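# Examination of the molecular architecture
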Amino acid sequence: MKKTHVLASGLLVASSLLAAPAMAAITGQVDVKLKISAGCTVENAEVEGNMNKFGVLDFGQSSSTWANVLTAEVASAGDGGDLTVVCDESVGQFNVSVNGGERSNRTLSNATDTVNYNVYQDAGRTQLYAIDQNVPFTVGTGNTPVKVPMFGAVPANATAVSEGDYKDTLLVTVSF
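Now for a look at the structure at hand. (Residues numbered from 1 in each chain as written. Predicted model: local features only at pLDDT ≥ 70, side-chain atom pairs only at ≥ 80, totals over all residues. Heavy atoms only, no water.)

## Let's talk about the environment of Phe176
For Phe176, the position within the fold is in the segment after β15 (172–175). The class for Phe176 is exposed, based on a relative accessible area of 54%. C-alpha separation for the pair Phe176 and Ala38, spaced 138 residues apart in sequence, amounts to 9.1 Å. Discounting residues that sit within four places of it in the chain, Phe176 has contacts with Ala38, Gly39, Cys40, Val91, Gln93 and Phe94. (Helix = DSSP H or I, 4+ residues; strand = E, 2+ residues; numbered from the N terminus. Buried < 20%, exposed > 50% of the residue type's maximum accessible area, 1.4 Å probe, protein only. Contact = heavy atoms within 4.5 Å.)

## Quick word on the layout of surface pockets
Space inside the largest pocket adds up to approximately 1200 Å³. Counting residues per element, the lining of the largest pocket draws most heavily on strand β3 (residues 51–53), at 3 residues. (1 Å grid on protein atoms, 1.4 Å probe; cavity = no way out; pocket = protein on both sides within 12 Å on 5 of 7 lines; lining within 4 Å. Points joined across faces, edges and corners; volume = space filled by probe spheres on them.)

## Quick notes on unusual backbone geometry
One non-glycine residue, Arg106, adopts positive backbone phi at about 50 degrees. Tracing the chain through its elements places Arg106 in the loop between β8 (93–98) and β9 (107–109). Relative accessible area serves as the criterion here: at 2%, Arg106 is assigned to the buried category. A positive phi angle is found at Asn143, which is not glycine, with a value near 55 degrees. Along the chain, Asn143 turns up in the loop between β12 (135–138) and β13 (146–147). Assessed through its relative accessible area of 38%, Asn143 is described here as partly exposed.

## Some details on the sheet that holds strand β7 (residues 84–87)
Spatially, the 3 strands line up as an open sheet ordered β1-β7-β13, and their pairing is antiparallel. Each end of this open sheet is capped by a strand with a single partner; those strands are β1 (40–43) and β13. (Pairing = 2+ DSSP bridges.)

## A short note on the side chain of Ser109
Among the structural elements, Ser109 can be located in strand β9. Judged by relative accessible area, which is 16%, Ser109 ranks as buried. A polar contact of 3.0 Å, which involves the side chain of Ser109, links it to the backbone nitrogen of Ala111. Ignoring anything within four residues of it in the chain, the contact list for Ser109 reads Arg103, Thr114, Asp165, Tyr166 and Lys167. (Polar contact = N/O pair within 3.5 Å; in protein donor to acceptor, adjacent residues only side chain to side chain.)

Here it is, written out as structure tokens:
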């Protein structure tokens, strides 16, 4: 009987050594909140990674020199239509600003040469989107979409530039 008692005692000691030590605990709370306020959304946009893609300003293809102004209109990323903004009725206006692009001066580059361009508010290309300057837009009633026109122009070029894909990226900010 002693052997059984010693064996049982040994198992009890071994199992208590393998048991996890008692842990202390602290309990608290985390407040969870969400505030919804009046705002605006850009329609026909897409999200790529963590960046909104509003559209493309594509001047097409040209030879190394061109005699006429090259023109383009922004086509939305979603369906290629107009870039539009919809705001809650309590938002009276929103602003749109356009930066100077990757080189801060609105130039397209193929890493060898650059080509100047600009962005305008109208098809006649007379009202410039000045770099980083807010342009106000009035919000319609009933959550009516407001068109945000964006037209581009590349001036005529008599000096040959190298072949390649010329690119730039503009940041467009809609604030309200």
